[in-house]
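Residues per chain are reported as follows:
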Amino acid sequence: MRIKQIINMALIPLVAVSIILTQQSGTIQNRIYKIDGFNYLSANEFASSQHIRTEFYDHNQKLVLRFPKKKTVLSADCSFLKVQDVIYQLPAPVIYDGSDFYVPALTFSRILNLENLTEVTVDINREQVTTRSPDYNIYGVSVGNRTNGSIVTIQTSRKFSNDDVAISFNQAGWMSLTVLGGKVDSINVVESKIQNPIRRLNCVQRDESAQLSFLLQYAIDDYEISFDDTAIVISLRTDIVETARKIKDMRNKWMLDTIVIDAGHGGKDPGAIGVCNLQEKTVALDIAKKLGRLIEKNMGTKVVYTREEDRFIPLWKRTRIANESGGKLFISIHANTSAKSSRARGFETYLLRPGKTQDAIDVAKLENSVIALEDDPQDQARYSDENIILATMAQSAFMKESEFLAAEIQKQLNKKLSSKNRGVKQAGFHVLVGASMPNVLIEVGFLSNKRDCRELGKASSRNKIAQAIYSAIVIFKDKYESTIIGENQ
Ligand SMILES: [Zn+2]
């Protein structure tokens, strides 16, 4: 190591030069402090004006000034100063006042000039030290994360624009930013604290431009770049973050996690009365409970019943129960009757739409006639024909799902029952109005038909019906959940 004595060096030329330099632009002035008869400079003020990073070590009271090429060490109460491995003697000790370091101004300036760290002149009369502005204009990087992506901020000392900057991405995952007129303080930039999604950071100074390269953890979906007086800001939208969020949203929204089972009629409303003395409300409730138990036991899905005992529930209240429970599927179970023919038999599944055929309209009229039993006359207003049309429109969002489920129920019932498959139909059933989820109404058989009535009277037949509906729901769940996620990938 060498120790340089520079106290006796001539100061006159320095002062003379300073008069010229302070009038130029691109210079910075730091004030001089008089301490114990010496002229001192604040190390922190100097460092911050030059964008020089500092490191303070409390245990031995040292301050390191990180110049782009060399590190300079100041020690409290010490009359030596170290630049890399060269030690300089100072005319007076460095003073540390608990928050800042003060270094003898004239000698310090001389050392900075000698080491080519920056150009400094001292003007004792005006009590200031003049330094040329640092010749770099890019001096740090920071990374911040938001829910929908990341923000990379490149600190600059001037405003750049779109015309100065080119950004590119390569297959290896690097994002490169070329800044025309950029002078990068490579030590400070490379040592910037980075975090996900930036894994590595490189920079290269070229004659007319600076290049900053960022190795990214994820593929970038999209980016935006903006500029202000002190920064170039790159907003990155990362694919993985965005996609994961979308899938999570869709899953939460569309998981078939609650199924509402509506047993038709009940209490003072028996529904259809069978030729074999069987009541619709009893058949419907038994199948509803059998179906519910199958779902809960095998699918682990929550089941909500609109009624679990022989009780009267107004039609409007049934869909309200479904909506308020967060239901994702509404299944209404009924049994049919025909005034026209005792030979009519079989099972059919209905969708909510204005009725197409007279038969379908008649079935809906019959099922809707229960409204007359409802106590509150104000409720009657809910059941206008216009309401059916509006409800149909409101349900168009999940009509595709309702159609799929209805078709699948018919298919599964046809497999299990020897009765007649009457197909999927549509009519204005008031019980389906207002259901904010896919919904169907099943007429499991005709109580007006001897054979159907006899079958519906058997627990084994009602079990078969419940199992068929359950199988259809399982197929529906598989298709429905995967389709919705698939659409958003
Ligand atoms: Zn009914």
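Predicted model, so just to flag it, every value in this text is computed and none were measured. (Residues numbered from 1 in each chain as written. Predicted model: local features only at pLDDT ≥ 70, side-chain atom pairs only at ≥ 80, totals over all residues. Heavy atoms only, no water.)

1. Quick look at the sheet that holds strand S17 (residues 198-205)
Within the open sheet, the four strands sit side by side as S15-S16-S18-S17. Their pairing is antiparallel. The open sheet has two free edges, formed respectively by strand S15 (165-169) and S17, since each of these has just one partner strand. Strand-to-strand twist of the sheet, defined as the mean angle between neighbouring strand axes without regard to direction, takes the value 15°. Bridge analysis of S17 against strand S18 (residues 209-216) gives seven bridges, and the strand direction is antiparallel. Looking at the pairing, Ile 198 lines up with Leu 216 of S18. (Pairing = 2+ DSSP bridges. Helix = DSSP H or I, 4+ residues; strand = E, 2+ residues; numbered from the N terminus. Axes fitted to C-alpha atoms, helices over the stretch in contact; angles between N-to-C directions.)

2. Here we look at the sheet that holds strand S2 (residues 27-35)
In sheet architecture, strand pairing relies on hydrogen bonds along the backbone and comes in two forms, parallel and antiparallel. In space, the six strands of this open sheet follow the order S9-S10-S3-S2-S12-S11, with antiparallel pairing throughout. In this open sheet, the two strands that pair with only one neighbour each are strand S9 (95-96) and strand S11 (120-123).

3. Some details on the layout of surface pockets
Over the atoms rolls a probe the size of a water molecule, and in doing so it shows where empty space is left. Roughly 440 Å³ of internal volume is contained in the largest pocket. Looking at side-chain class alone, the lining of the largest pocket contains seven nonpolar, six polar and eight charged residues. Split by domain, the lining of the largest pocket shows at least three residues from each of two domains, domain 1 (3-132) and domain 2 (138-241). Approximately 320 Å³ is the volume attributed to the second largest pocket. Residue lining of the second largest pocket: 17 residues in total, with Thr 337, Ser 338, Ala 339, Asp 362 and Val 363 positioned closest to the centre. The dominant element in the lining of the second largest pocket, judged by the number of residues it contributes, is helix H8 (residues 358-368), at five residues. Its residues assigned to classes, the lining of the second largest pocket shows six nonpolar, four polar and seven charged. (1 Å grid on protein atoms, 1.4 Å probe; cavity = no way out; pocket = protein on both sides within 12 Å on 5 of 7 lines; lining within 4 Å. Points joined across faces, edges and corners; volume = space filled by probe spheres on them. Nonpolar A, V, L, I, M, F, W, Y, C, P; charged D, E, K, R; others polar. Domains from an automatic or database assignment.)

4. Brief notes about the coordination of the zinc ion
Coordination of the zinc ion by the protein is provided by His 265 (NE2), Glu 280 (OE), His 334 (ND1), Glu 367 (OE) and Glu 367 (OE), with metal-donor distances spanning 2.0 to 2.4 Å. In primary sequence terms, the donor set of the zinc ion follows H-x14-E-x53-H-x32-E. Here His 265, found in the loop between strand S21 (258-263) and helix H6 (280-298), pairs with His 334, found in strand S23 (residues 329-336); they are 69 residues apart in sequence, far enough to count as distant. Looking at His 265, the relative accessible area reads 5%, which means it is buried. (Donors = N, O, S within 2.8 Å, 3.2 Å for Na, K, Ca; no water. Buried < 20%, exposed > 50% of the residue type's maximum accessible area, 1.4 Å probe, protein only.)

5. Observations regarding the packing of aromatic side chains
Evaluated as defined, the whole model comprises nine aromatic pairs. When the ring of Phe 46 is compared with that of Phe 67, the centres are 6.2 Å apart and the planes differ by 50°; the resulting orientation is tilted. Here the residue Phe 46 occupies a position in helix H2 (residues 43-49), and Phe 67 occupies one in the loop between strand S5 (62-66) and strand S6 (71-75), the gap between them amounting to 21 residues. The same class applies to Phe 46 and to Phe 67, which are both buried. Seen from their ring centres, Phe 56 and Phe 101 are 5.9 Å apart, and the 65° between their planes marks the pair as edge-to-face. (Phe/Tyr/Trp six-rings, centres within 6.5 Å; stacked < 30°, edge-to-face > 60°.)

6. Some thoughts on the environment of Arg 199
Counting through the fold element by element, Arg 199 comes out in strand S17. Between the alpha carbons of Arg 199 and Phe 214 there is a distance of 7.3 Å; along the sequence they are 15 residues apart. Not counting the four nearest positions on each side in its chain, Arg 199 is found in contact with Ile 194, Leu 215, Leu 216 and Gln 217. (Contact = heavy atoms within 4.5 Å.)

7. A few points about the confidence of the model for the protein chain
Overall, the predicted model of the protein chain reaches an average pLDDT of 84, with 85% of residues at or above 70. Considering only residues more than four positions removed or in separate chains, one finds that residues 4-25, a stretch of pLDDT under 50, has 30 contacts. Counted against residues more than four places away or in other chains, residues 485-489, with its pLDDT under 50, gives six contacts. (pLDDT = per-residue confidence, 0-100.)

8. Quick word on the pattern of salt bridges
Inspection of every chain in the model, using the stated rule, returns 19 salt bridges. A salt bridge links Arg 422 to Glu 348, with the shortest nitrogen-to-oxygen separation between them at 2.8 Å. Of this pair, Arg 422 sits in strand S25 (residues 421-427) while Glu 348 sits in strand S24 (residues 347-352), placing them 74 residues apart in sequence. Among the ionic contacts, a cluster of salt bridges with common partners joins Arg 53, Glu 55 and Arg 66. (Salt bridge = Lys/Arg side-chain N within 4 Å of Asp/Glu carboxyl O.)

9. Points about helix H10 (residues 399-416)
Taking 1.5 Å as the rise per residue, H10 with 18 residues should run 26 Å; its terminal C-alpha atoms sit 26 Å apart, in good agreement. Those residues of H10 not exposed but buried are Met 399, Glu 401, Ser 402, Leu 405, Ala 406, Glu 408, Ile 409, Gln 410, Gln 412 and Leu 413. (Expected span 1.5 Å × (residues − 1).)

10. Points about empty space enclosed by the protein
One pass over the structure, following the stated rule, counts two cavities of 30 Å³ or more. Here the largest cavity defines a volume of roughly 60 Å³. Taken together, 14 residues make up the lining of the largest cavity; nearest its centre are Leu 315, His 334, Glu 367, Val 370 and Val 431. For the lining of the largest cavity, the elements supplying multiple residues, two or more each, are helix H7 (315-324) and H8. The residue inventory of the lining of the largest cavity, partitioned by class, reads five nonpolar, five polar and four charged.

11. Notes on the pairing of S15
Across five bridges, the pairing between S15 and strand S16 (residues 174-180) is antiparallel. Within S16, the residue paired with Phe 169 across the bridge is Met 175. Hairpin remark: S15 followed by S16, antiparallel, with four residues in the connecting loop; positive phi at Gly 173, about 100°.

12. Regarding the environment of Tyr 480
Tracing the backbone through its elements, the reader meets Tyr 480 in helix H12 (residues 459-487). Counting along the chain gives 79 residues from Tyr 480 to Glu 401, while the straight-line C-alpha distance between them is 7.4 Å.

13. A look at the side chain of Lys 281
Tracing the sequence through the fold places Lys 281 in helix H6. Judged by relative accessible area, which is 11%, Lys 281 ranks as buried.

14. Observations concerning unusual backbone geometry
Across the junction of Asn 196 and Pro 197, the peptide omega takes the value 5°, indicating a cis bond. Examined against the element boundaries, Pro 197 turns out to sit in the loop between helix H4 (186-190) and S17. The phi dihedral of Asp 36 falls on the positive side, at around 50°, and the residue is not glycine. Position of Asp 36 relative to the elements: it lies in the loop between S2 and strand S3 (38-42). Judged by relative accessible area, Asp 36 falls into the exposed class, the value being 72%. Notably, His 265 is not glycine yet its phi reads approximately 65°, a positive angle.

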